[in-house]
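Here is what each chain is made of, one letter per residue.
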Amino acid sequence: FSASSLASMSDDESLRATPVATGTMQGTKAQSADQTKAAESKLSKVKTRLMFGTPMIFGFFLLVWLGHPYMVLLVCLLQVGLFRELVNVRYRPAKERHVPLFRTCQ
């Protein structure tokens, strides 16, 4: 990489590990070179996706098999979680500005 190509990179791109002329990996600011290489390996990514994706899919199939009441419960829990997240997105800036009774006014 030349200095001009590095200058044109965005912040996200500059944090990724890049190969140097010797073929080894440089580490990012938060990880060593070995940790970065292990975290970015394709096998590691596939393993992580399988570990989290498979139980989620089977859990959804289990809820479908259990019937309507459990699907209603799933939808209600998702709506509550989404509402909570949206309220927290607005609450953090309001807390910084010290808006009185913010939660009761919205």
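Caption draft 1: Quick look at the overall build of the protein. Counting its regular elements, the protein contains six helices and zero strands. What you see in the protein, going N to C, is helices and strands ordered as α-α-α-α-α-α. A buried classification covers 8% of the 106 residues belonging to the protein. Here the contacts in the protein between residues at least 6 apart in sequence split such that 0% fall between residues at least 24 apart. Just so you have it, the protein exposes about 9400 Å², and 66% of that area is on carbon and sulfur atoms.

Caption draft 2: Region of the structure containing the confidence of the model for the protein. The predicted model of the protein has a mean per-residue pLDDT of 76, with 64% of residues at 70 or higher. Confidence scores differ between elements of the protein, with helix α2 (residues 11-15) showing the lowest mean pLDDT of 46 and helix α4 (residues 42-66) the highest of 93.

Caption draft 3: Expanded view of the environment of Leu63. Inspection of the secondary structure assignment puts Leu63 in helix α4. Residue classification places Leu63 among the partly exposed positions, given a relative accessible area of 21%. A C-alpha to C-alpha distance of 9.5 Å links Leu63 and Leu73, two positions ten residues apart in sequence.

Caption draft 4: Broad picture of the packing of helix α3 (residues 33-40) against α4. Put simply, α3 and α4 touch, their axes get as near as 5 Å, and they point 55 degrees apart. In terms of their interaxial angle, α3 and α4 are classed as oblique. On the side of α3, the interface is formed by Ala38, Ala39 and Glu40, while α4 contributes Lys42, Ser44 and Lys45. When its residues are assigned to classes, the contact of α3 with α4 shows two nonpolar, one polar and three charged.

Caption draft 5: Quick look at α4. For α4, which comprises 25 residues, the first-to-last C-alpha distance of 36 Å matches the rise-based estimate of 36 Å (1.5 Å per residue) to within 8%. Positive phi shows up at Gly67, right after α4, with a value of about 115 degrees.

Here is what the cut-offs are and how they apply
Residue indices begin from 1 for each chain and proceed along its sequence in written order. Totals for whole chains, interfaces and linings use all residues, but because this is a predicted model, local features are given only for residues with pLDDT of at least 70 and pairs of side-chain atoms are given and counted only at 80 or more. Heavy atoms throughout the structure, all of them, feed into the side-chain values; hydrogens and water do not. To qualify as a helix, a DSSP run of H or I must reach at least 4 residues; to qualify as a strand, a run of E must reach at least 2; elements of each kind are numbered from the N terminus. Classification of residues uses two cut-offs on accessible area relative to the type maximum, computed with a 1.4 Å probe and protein chains only: under 20% is buried, over 50% is exposed, and between them is partly exposed. Contact definition: two residues touch when any of their heavy atoms are within 4.5 Å. Each accessible area is a Shrake-Rupley estimate made with a 1.4 Å probe; only the visible protein chains count as cover when residues are assessed. Summary of the metric used: pLDDT quantifies the predictor's per-residue confidence within the range 0 to 100. Helix axes are fitted to C-alpha atoms over the stretch in contact, other axes to C-alpha atoms as well, and angles between N-to-C directions run from 0 to 180 degrees. Angles are sorted into four bins: roughly parallel if under 35 degrees, roughly antiparallel if over 145, roughly perpendicular if 65 to 115, and oblique for all others. Under this grouping Gly is polar, as are all residues other than the nonpolar Ala, Val, Leu, Ile, Met, Phe, Trp, Tyr, Cys and Pro and the charged Asp, Glu, Lys and Arg. Multiplying one less than the number of residues by 1.5 Å gives the expected span of a helix.

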